[in-house]
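Examination of the molecular architecture
Residues per chain, in single letters:
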Amino acid sequence: MAETHVLFVEDDDVIREATQLALERDGFVVTAMPDGLAGLEAFRANRPDIALLDVMVPGLDGVSLCRRIRDESTVPVIMLSARADSIDVVLGLEAGADDYVTKPFDGAVLVARIRAVLRRFGHASGPDGGKPAADEAGVPVESVLRFGDLEVDTEGMEVRKGGQNVALTPTEMRLLLEFSNAPGTVLSRDQLLERVWDYGWGGDTRVVDVHVQRLRGKIGQDRIETVRGFGYKLRG
């Protein structure tokens, strides 16, 4: 199995070196950079499998770096923030990050979050590993789901709105698949955290809210309905 290449951008020398060593002990190949501009150059030169970006780095801050990466790639991005209640968390998610980890963090927790994101991105062939969808009797079912002018191809992992392709990140695609598999059914934020982000223990629901908002911006603001006090549902 190919080694996973991690781009890690962090300006604190102690944190950068200690985290790099911890990740390398877990089998990751790490390119560590002290500022955002160097991180962008390293991203373009190495095309890593995942990027860990500290929010507050010099030259090009982590949020801006995330936007630059997202303009060029759907590679998973995890933001590192010093405060869980910081607006930087939301800004990072709105910029295209897939998750965030609060500093100071335990090395084992960081590794677990990295592996969870990578597992999610490993579903590129669909939630069933590329197998044709079937009902309980084993009869194949339609792989292209239609909701008004929205089409979701669950095998080809493509989305079209009004006949035009819609570019989604893998996290957005996983989120849309969860809604598409149960149209009209309210899915709570905790359910979505568990199914999409692999948070069996629960997590920050802002991750869900920001991704739903990003998804709405691409497939239509009225396609996903907010059910106050409960969660979200896809309108059929």
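Residues numbered from 1 in each chain as written. Predicted model: local features only at pLDDT ≥ 70, side-chain atom pairs only at ≥ 80, totals over all residues. Heavy atoms only, no water.

Considering soluble globular proteins, one finds that nonpolar side chains tend to be buried as a cluster. Residues L53, M79 and F179 are the most contacted members of the largest nonpolar core, which totals 50 residues. If we ignore the near neighbours within four places in the chain, the residues touching F179 are L187, L192, V212, L215, I224, Y232, K233 and L234. (Core = buried A, V, L, I, M, F, W, Y, C linked by side-chain atoms within 4.5 Å. Buried < 20%, exposed > 50% of the residue type's maximum accessible area, 1.4 Å probe, protein only. Contact = heavy atoms within 4.5 Å.)

Further remarks concern the pattern of salt bridges. Considering all chains together, one arrives at 20 salt bridges under this definition. A salt bridge links D13 to R16; the nearest nitrogen and oxygen atoms lie 2.7 Å apart. With D13 and R16 both in helix 1 (residues 13-25) and three residues apart, this pair spans about one turn of that helix. The partner of D204 in a salt bridge is R206, and the shortest N-O contact between them spans 2.7 Å. Note on R206: relative accessible area 24%, which makes it partly exposed. (Salt bridge = Lys/Arg side-chain N within 4 Å of Asp/Glu carboxyl O. Helix = DSSP H or I, 4+ residues; strand = E, 2+ residues; numbered from the N terminus.)

In space, the five strands of this open sheet follow the order 2-1-3-4-5, with parallel pairing throughout. Pairing within the sheet leaves two strands with one partner each, and these edge strands are strand 2 (29-33) and strand 5 (99-102). Between one strand axis and the next, the sheet turns by 20 degrees as a mean value, whatever way the strands run. Here strand 3 (residues 50-54) pairs with strand 4 (residues 77-81) via four bridges, running parallel. Bridge assignment links D54 to a residue of strand 4, and that residue is L80. (Pairing = 2+ DSSP bridges. Axes fitted to C-alpha atoms, helices over the stretch in contact; angles between N-to-C directions.)

Moving on, we come to the pairing of strand 2. When strand 1 (residues 5-9) meets strand 2, the two strands line up parallel, connected through five bridges. When the sheet's bridge partners are listed, L7 is paired in strand 2 with T31. Following the backbone out of strand 1, through helix 1 and into the adjacent parallel strand 2, one traces a crossover that is right-handed. (Right-handed = clockwise from strand over helix to strand, strands pointing away.)

As a further point, take unusual backbone geometry. Put simply, K103 and P104 share a cis peptide bond, and its omega is -5 degrees. Within the fold, P104 resides in the loop between strand 5 and helix 5 (107-121). At R47, a position not held by glycine, the phi torsion is positive, near 45 degrees. Residues other than glycine seldom take positive phi values, yet M157 does so here, at roughly 55 degrees. Checked against the element boundaries, M157 lands in the loop between strand 7 (150-153) and strand 8 (158-161).

Right, let's talk about the sheet that holds strand 8 for a bit. The strand order across the open sheet formed by four strands is 6-7-8-9, and the pairing between neighbours is antiparallel. Either end of the sheet is taken by a strand with one partner, and the two such strands are strand 6 (144-147) and strand 9 (164-166). Direction aside, neighbouring strands of the sheet carry axes that sit 25 degrees apart on average. Here strand 8 pairs with strand 9 via three bridges, running antiparallel. Residue pairing in the sheet places K161 in a bridge with Q164 of strand 9. Along the sheet face, helix 6 (residues 170-180) touches strand 6, strand 7 and strand 8 and points at about 105 degrees away from the line of strand 7.

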